[in-house]
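Structural overview for review
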Amino acid sequence: MDKVFISQLHVDTIIGVYDFEKESKQSLYFDIEMLSDIKPAAANDDINLALDYSKVSERVIEHSTAKPVELLETLVEQLADIILTEFNTPQVTIRVSKPAAVAQARTVGVEITRAKVSN
């Protein structure tokens with residue numbers, strides 16, 4: 001399998017447990033890696049046969065800004081489910097960074113890998 005990736009996708013959204021976090025948007029940065037067989041798209045030079053990282057990016061932004069959640073864990077689980085369900089990939093790894101969460105750290109975050117369940 002090949003990999004299609006998105007690096008440092010920036011999204012400003014409301015996220016957090018504390019009251020002050022719910023009052024203003026914070027920056028999140030997503031790194032997303034998806035398994036895909038790129039051979040059909042490459043052989044035909046056809047975006048319709050590709051795992052379209054632009055559409056994945058749009059969907060991540062749309063979902064991340066639609067309804068606030070408190071935990072990064074919740075958000076990445078939701079996004080993994082969306083990507084596995086809506087896009088042609090058997091596995092996704094999502095890393096989300098929240099740079100403003102801990103003043104003494106450059107960034108903090110969560111990384112998960114999820115795969116489609118075989119029937």
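Computed from a predicted structure; not experimentally measured.

The rules behind each value
Throughout this description, residue numbers start from 1 for each chain and increase along the sequence as written. With the structure being a predicted model, the display of local features is reserved for residues of pLDDT at least 70 and the display and counting of side-chain atom pairs for 80 or more, all residues being used for whole-chain, interface and lining totals. As a convention, hydrogens and water are excluded, and side-chain values are obtained from all of the structure's heavy atoms. Secondary structure elements follow DSSP: runs of H or I of four or more residues count as helices, runs of E of two or more count as strands, with numbering from the N terminus. Working definition: with a 1.4 Å probe on protein chains only, accessible area under 20% of the residue-type maximum means buried, over 50% means exposed, and in between means partly exposed. UniProt positions are given in the numbering used here, feature names are shortened, and annotations may be inferred rather than shown by experiment. Strands are labelled as partners when DSSP assigns at least two bridges between them.

Per the secondary structure count, the protein includes three helices and four strands. Helices and strands appear in the protein in the N-to-C order β-β-α-α-α-β-β. If one aligns the C-alpha atoms of the protein with their principal axes, the spans along those axes are about 50 × 30 × 25 Å. When each of the 119 residues of the protein is scored for burial, the buried share is 36%.

Attention now goes to the UniProt feature "domain: Dihydroneopterin aldolase/epimerase" (unreviewed entry) in the protein. In this structure's numbering, the residues bearing the UniProt feature "domain: Dihydroneopterin aldolase/epimerase" (unreviewed entry) are residues 4–114. What you have in residues 4–114 is 32% helix and 32% strand, and the ends, taken at the C-alpha atoms, are 15 Å apart.

Judged by how many residues are buried, strand S3 (residues 91–98) sits mostly within the fold: six of eight residues are covered. One ladder, built from six bridges, connects strand S2 (residues 26–36) with S3; its direction is antiparallel. Bridging across to S3, Phe 30 finds its partner in Val 96.

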